[in-house]
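# Report on the structure
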Amino acid sequence: MQSKAKTVKEYLASLPEDRRKVISAVRKVILKNLDKDYEEGMQYGAIGYYVPHRLYPHGYHCDPKIPLPFAGLGSQKNHMSVGMMCHYGDPAEDKWFRNAWLKTGKKLDMGKCCVRFKKLEDVPLEVIGQAIKRVPARKYIAIYEKMLGAERLAKASRKAQNTKQKAQSRTRKS
């Protein structure tokens, strides 16, 4: 469920009171630990934390007009979520995060980078804070570029393999 809110303030105001309290508490922890080079705003219909174009002019590779997404915080139909893209692109950060969360004894409901939760008691706020603090913007840019390089290398390798297979197929048909 993407919000049509244009600002974080509008987004928070649009939430039911119980969810607004939870999202506001997680947001407070994120802002307290967020590197000064990131900015907060609306991205993809939720609260986003991103590397602004002034620091990373290339923007997000999927749409360079969008600043590079780092984290997101939102309320969905059946849950709330906090997503941290650095977990998607850095296995070491992902491992640290999962281990730190599990040490708290709280259940972790996580996809590649998105943690889903239903109430504030489900979230170890100190782990969220540490995870945000561990990845300043410049470190995240390096993680992102490394991931993007690996992705492009894999794509080029697949393309070369397909070209080779097509050439072999043509040779066999001759």
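So, a few notes on the structure that sits alongside this text. The structure presented is a predicted model; accordingly, all values stated were derived computationally and were not measured. (Residues numbered from 1 in each chain as written. Predicted model: local features only at pLDDT ≥ 70, side-chain atom pairs only at ≥ 80, totals over all residues. Heavy atoms only, no water.)

Under the defined criterion, the tally for this structure stands at 11 salt bridges. Close ionic contact of D122 with K119 constitutes a salt bridge, the shortest N to O distance being 3.5 Å. What you see here is one network of salt bridges that share partners, running through E17, R20 and K21. (Salt bridge = Lys/Arg side-chain N within 4 Å of Asp/Glu carboxyl O.)

Let us now look at the sheet that holds strand β1 (residues 39-43). The strand order across the open sheet built from five strands is β1-β2-β3-β4-β5, with neighbouring strands paired in antiparallel fashion. Strand pairing shows two members of the sheet lacking a second neighbour, β1 and β5 (114-117), which therefore form its edges. Taking the axes of each pair of neighbouring strands and ignoring which way they run, one obtains an average angle of 25° across the sheet. On the sheet, helix α2 (residues 17-33) packs against β1, β2 (46-51), β3 (68-75), β4 (80-84) and β5 and is oriented at approximately 155° with respect to β3. (Pairing = 2+ DSSP bridges. Helix = DSSP H or I, 4+ residues; strand = E, 2+ residues; numbered from the N terminus. Axes fitted to C-alpha atoms, helices over the stretch in contact; angles between N-to-C directions. Contact = heavy atoms within 4.5 Å.)

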